Amino acid sequence: MTAHALKIDIVSDVVCPWCIIGYKQLQKALEMVGDDVEPEITWHPFELNPQMVPEGEAISEHVARKYGASAEQSAANRQRLKDTGERLGFDFNYGPGMRIYNTFKAHQLLTWAGETQGGEAQTRLKMALFTAYFQDNRDVSDEEVLLDVVAQTGLDPEAGREVLNDPDNEAAVRAHLDHWIEQGISGVPAIIFDGKYLVPGAQEAETFVNVIRKVREKALA
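Residues numbered from 1 in each chain as written. Predicted model: local features only at pLDDT ≥ 70, side-chain atom pairs only at ≥ 80, totals over all residues. Heavy atoms only, no water.

S.K.: Please clarify how the overall build of the protein chain should be interpreted in this entry.
M.R.: The number of helices and strands found in the protein chain is 9 helices and 6 strands. In terms of C-alpha radius of gyration, the protein chain reaches 18 Å, essentially the compact-globule figure of 17 Å for 221 residues. Each principal axis of the C-alpha atoms in the protein chain carries an extent, and together these give about 55 × 45 × 35 Å. Split into buried and exposed, the 221 residues of the protein chain put 48% on the buried side. For the protein chain, the share of sequence-separated contacts (at least 6 apart) that also reach a separation of at least 24 residues comes to 75%. Within the protein chain, one finds 21 positive and 35 negative side-chain charges whose respective centroids are separated by 7 Å. (Helix = DSSP H or I, 4+ residues; strand = E, 2+ residues; numbered from the N terminus. Rg over C-alpha atoms; globule rule 2.2 N^0.38 Å. Buried < 20%, exposed > 50% of the residue type's maximum accessible area, 1.4 Å probe, protein only. Contact = heavy atoms within 4.5 Å. Lys, Arg positive; Asp, Glu negative; His and termini not counted. Charge placed at Lys NZ, Arg CZ, Asp CG, Glu CD.)

S.K.: Explanation requested: the side chain of T111 in the structure shown.
M.R.: Topologically, T111 is positioned in helix 4 (residues 104–117). Looking at T111, the relative accessible area reads 8%, which means it is buried.

S.K.: Got a minute to help me understand unusual backbone geometry in this structure?
M.R.: Peptide bonds are, in most cases, trans, and in most cases residues other than glycine have a negative phi. The omega torsion across V188 and P189 is 5 degrees, close enough to zero to call that bond cis. Among the structural elements, P189 can be located in the loop between helix 8 (167–182) and strand 5 (190–193). For N137, which is not glycine, the phi dihedral falls at a positive 55 degrees. Of note, N137 is situated in the loop between helix 5 (119–134) and helix 6 (143–152). Positive phi values are uncommon outside glycine, yet D194 reaches one of about 55 degrees.

S.K.: It is not clear to me how the environment of V215 should be interpreted in this structure. Could you clarify?
M.R.: With respect to the secondary-structure elements, V215 resides in helix 9 (residues 205–220). Note on V215: relative accessible area 3%, which makes it buried. With residues up to four places along the chain from it excluded, the contact list for V215 reads H4, L6, F193, D194 and Y197.

S.K.: Quick question: what am I supposed to make of the packing of helix 4 against helix 6 here?
M.R.: Relative placement of two packed helices is described by the angle separating their axes and the distance separating the axes. Running from N to C, helix 4 and helix 6 cross one another at 25 degrees; their axes reach a closest spacing of 10 Å. In this view, helix 4 runs roughly parallel relative to helix 6, as classed from their interaxial angle. For the crossing formed where helix 4 meets helix 6, the hand is right-handed. Facing helix 4, whose interface residues are K105, A106, L109 and W112, helix 6 presents E143, L146 and V150. (Axes fitted to C-alpha atoms, helices over the stretch in contact; angles between N-to-C directions. Parallel < 35°, antiparallel > 145°, perpendicular 65-115°, else oblique. Left-handed = near helix turned anticlockwise from the far one by under 90°.)

S.K.: Explanation requested: the layout of surface pockets in the structure shown.
M.R.: A water-sized probe rolled over the atoms picks out the places where empty space is left. Its boundaries defined by the atoms lining it, the largest pocket holds a volume of some 540 Å³. P17, W18, V63, Y67 and L81 are the residues nearest the centre of the largest pocket, which is lined by 22 residues in total. Mapped by element, the contributors of at least two residues to the lining of the largest pocket are helix 1 (17–33), helix 2 (59–67), helix 3 (71–88) and helix 5. Tallied by class, the residues present in the lining of the largest pocket amount to 15 nonpolar, 4 polar and 3 charged. (1 Å grid on protein atoms, 1.4 Å probe; cavity = no way out; pocket = protein on both sides within 12 Å on 5 of 7 lines; lining within 4 Å. Points joined across faces, edges and corners; volume = space filled by probe spheres on them. Nonpolar A, V, L, I, M, F, W, Y, C, P; charged D, E, K, R; others polar.)

S.K.: What am I meant to see in the environment of I21 here?
M.R.: Topologically, I21 is positioned in helix 1. Residue classification places I21 among the buried positions, given a relative accessible area of 3%. Considered as a pair, I21 and P39 are 18 residues apart in the sequence and their alpha carbons are 18 Å apart. Those residues in contact with I21, other than ones at most four positions away along the chain, are L81, T84, G85, L88, F92 and A202.

What follows is the structure in structure tokens.
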């Protein structure tokens with residue numbers, strides 16, 4: 001039977017731990033489905049903290065302020081993330097001084113990578129940004145840090161610098177962000193299959209498998 005070309009749109013942020021977990025679960029699901037589908041993944045921008053100050057904010061303070069979580073609750077949540085990540089092959093390195101940052105510039109570069117270099121390059125950059133933030137504790141709002149990650153993934157950092165300084169690009173990415181909010185996306189990850197079937201949150205791989213198979217059956221009916 002012919003493999004189904006499966007369009008997968010992922011709305012996410014690079015400082016969202018559940019976004020990398022959701023992607024890892026999706027990867028696992030695609031392995032389970034095997035050759036039945038040919039995934040075409042595109043990443044879309046979402047800012048968890050669009051008003052974040054330039055210097056960022058300590059995660060402990062941010063979580064307490066935004067979600068009302070106690071220090072004990074925050075520690076338990078981080079441990080849950082670390083345990084889940086380890087099971088899926090992604091290590092979270094939550095150091096005591098870890099901060100959360102604004103991610104608009106990262107989304108500018110991810111959008112550019114997808115539009116000019118294709119889905120594989122965009123995914124490669126996305127994974128490198130997850131690693132830079134969650135494992136290396138780097139400031140993913142800093143232009144030089146971002147361009148270093150761009151270079152590490154084999155993309156052109158000077159072209160990336162032009163993107164970050166292009167007002168037209170900035171306007172286009174802001175419009176892109178607004179689009180997903182207008183579509184009702186208020187939390188991430190949000191994963192959309194074939195442009196029609198939305199699965200919110202970091203679901204288990206089996207859930208994604210069931211959705212993928214149903215999408216494929218409808219497409220072939």
